[in-house]
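# Descriptive analysis of the structure
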Amino acid sequence: LNSSRHNVFAERPLAVETFNEDARRTGVCMYGYSDNEVFHWRYGAFLLENVSRDGRYRGDFDEAGLYGRLAISPWYDEVSGGRGYYHCAIVGSVNQTDADGSLDTDQNANEARFRTRPEARSDSRWWNTNRILGADGYQQLGLESVLNIGALQITGEYFGNWVQRDPLGGFNGDDLTFHGGYIYANYFLTGEHIPWNRRAGTIDRVKPFENFFVVDRCCGGTGRGWGALSMAFRYSYLDLSDSDIRGGVGYSCAYGLNWYWTAYSKLQTNFVWGQVENGGQGQSATPLPAGVDGDYTILGMRYMIDY
């Protein structure tokens, strides 16, 4: 749970994008934290409508979800300025969906549908359950953990997603289980660390020891600052296949190199290698043939300035 401005990789992992597609919902959320900033909690209610895709509100107002997160940071090394800390949290949601069985009657995003891109902003979503007919609702449960020791950070999350279907109306009434997760390690070659915001329960902005610059010296020559440099590796897993729903299984290894020029600008380079099993059921601009197995490679770069 953090701003995309502070992501270690250019794109979020497979499971995060799948179970929270595009992260745009309308609702209300409340949060708080204990006086010693060890405990943090937040809870809220949001409509399932994805207005970034539909462009307007459709469907009923009871097609919504209740969400909650309870976090704890039992270790935070104040002496070192927060260079050492440990965080863990449990998150969950309960969602009521549009269970209409027709693909054409209600063209809204209130249904149970889980899909994602290959950790790049491609047109295709290679893993896709399509609209799950007869789905009355679904629940999600997630576990997260962050350990930071100086320049090294190890982070992981796991998500479970359970879908209930109405057996009436000619649909397959089997309940469904989808799941996925990831783990990554990030290390700063220049000695910085990823700060922790204890009040928000999220990672914070990286601040280089010195900014990247090249200037002329008055006495001749040039002065230089190199910014901050970190290397990262992430493994992601996703399973969207259960019973008659064959949304595909995915594996991904991402290698990242981050060059922080300042606290507000950075250059990210990612190399991603992954596999698709039984993919291609998505209805996208360039879908794969159904049941395709294969592997892929992605090389991406992003220069980013935020304010």
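Quick notes on the rules
Residues numbered from 1 in each chain as written. Predicted model: local features only at pLDDT ≥ 70, side-chain atom pairs only at ≥ 80, totals over all residues. Heavy atoms only, no water. Phe/Tyr/Trp six-rings, centres within 6.5 Å; stacked < 30°, edge-to-face > 60°. Helix = DSSP H or I, 4+ residues; strand = E, 2+ residues; numbered from the N terminus. Buried < 20%, exposed > 50% of the residue type's maximum accessible area, 1.4 Å probe, protein only. Contact = heavy atoms within 4.5 Å. Salt bridge = Lys/Arg side-chain N within 4 Å of Asp/Glu carboxyl O. Pairing = 2+ DSSP bridges. Axes fitted to C-alpha atoms, helices over the stretch in contact; angles between N-to-C directions. Polar contact = N/O pair within 3.5 Å; in protein donor to acceptor, adjacent residues only side chain to side chain.

The next point concerns the packing of aromatic side chains. Per the stated rule, a full pass over the model turns up 20 aromatic pairs. Seen in terms of ring centroids, F19 and F114 are 5.9 Å apart; in terms of plane orientation they differ by 65°. Their pairing is edge-to-face. Taken as a pair, F19 in helix α1 (residues 14-19) and F114 in the loop between β4 (84-96) and β5 (115-116) lie far apart in primary sequence, 95 residues in all. Seen in terms of ring centroids, F212 and W261 are 4.9 Å apart; in terms of plane orientation they differ by 50°. Their pairing is tilted. Highlighted residues: F212 in strand β12 (residues 212-216) and W261 in strand β15 (residues 245-262), separated in sequence by 49 residues. Residue F212 is classed as partly exposed on the basis of its relative accessible area, which comes to 26%. Using a relative accessible area of 24% as the deciding quantity, one classes W261 as partly exposed. In textbook terms, an aromatic cluster arises when at least three aromatic residues are bridged by ring pairs, as seen for F19, F114, Y138, F159 and F178.

Now for the side chain of E37. Relative to the elements of secondary structure, E37 occurs in the loop between β1 (27-33) and β2 (39-47). When its relative accessible area of 18% is taken as the criterion, E37 is described as buried. Residues within four places of E37 in sequence aside, it is in contact with R198 and R199.

With that settled, consider the pattern of salt bridges. Evaluated as defined, the whole model comprises eleven salt bridges. E21 serves as the salt-bridge partner of R125, at 3.5 Å between the closest nitrogen and oxygen. With a gap of 104 residues between them, R125 in the loop between β5 and β6 (127-128) and E21 in the loop between α1 and β1 connect regions that are remote in the sequence. In this structure, R125 and E21 share a single accessibility class: buried. Across the salt bridge formed by R198 and E37, the nearest N and O atoms sit 4.0 Å from each other. Of this pair, R198 sits in the loop between β10 (196-197) and β11 (202-203) while E37 sits in the loop between β1 and β2, and the two are 161 residues apart along the sequence. The burial state of R198 is the same as that of E37; both residues are buried. Overlapping salt bridges bring together E37, E78, R198 and R199 as one network.

Mapping I298 onto the fold places it in strand β17 (residues 292-305). Between the alpha carbons of I298 and F271 there is a distance of 5.6 Å; along the sequence they are 27 residues apart. The contact partners of I298, leaving out residues within four places of it in the chain, are P118, A120, N270, F271 and V272.

Attention shifts here to the sheet that holds strand β14 (residues 228-242). Taken in spatial order, the eleven strands make up an open sheet running β1-β2-β3-β4-β7-β8-β9-β14-β15-β16-β17, and their pairing is antiparallel. Edge positions in the sheet fall to β1 and β17, since each of these pairs with one other strand and no more. Sheet twist, expressed as the average angle between the axes of neighbouring strands with direction ignored, equals 10°.

Only a minority of non-glycine residues have a phi that is not negative, and only a minority of peptide bonds are not trans. Positive phi, close to 55°, is recorded for E119, a residue that is not glycine. Looking at the secondary structure, you find E119 in the loop between β5 and β6. Its identity as a non-glycine residue notwithstanding, S243 has a phi of 55°, on the positive side. Here S243 shows up in the loop between β14 and β15.

Attention now moves to the side chain of H87. Summarising the element assignment, H87 is placed in strand β4. On the basis of relative accessibility, which here comes to 0%, the residue H87 falls in the buried class. One polar contact links H87 to E144, side chain to side chain, over a distance of 2.8 Å. What H87 contacts, discounting residues up to four positions off in sequence, is R69, A71, I72, S73, E144, S145, V146, W196 and G201.

This part is about the pairing of strand β3 (residues 64-76). Examined bridge by bridge, β2 and β3 share nine bridges and lie antiparallel to one another. Bridge pairing in β3 places F46 opposite G65. Summarising the sheet, β3 and β4 pair through ten bridges and their orientation is antiparallel. For Y76, the partnering residue across the bridge sits in β4 and is Y85.

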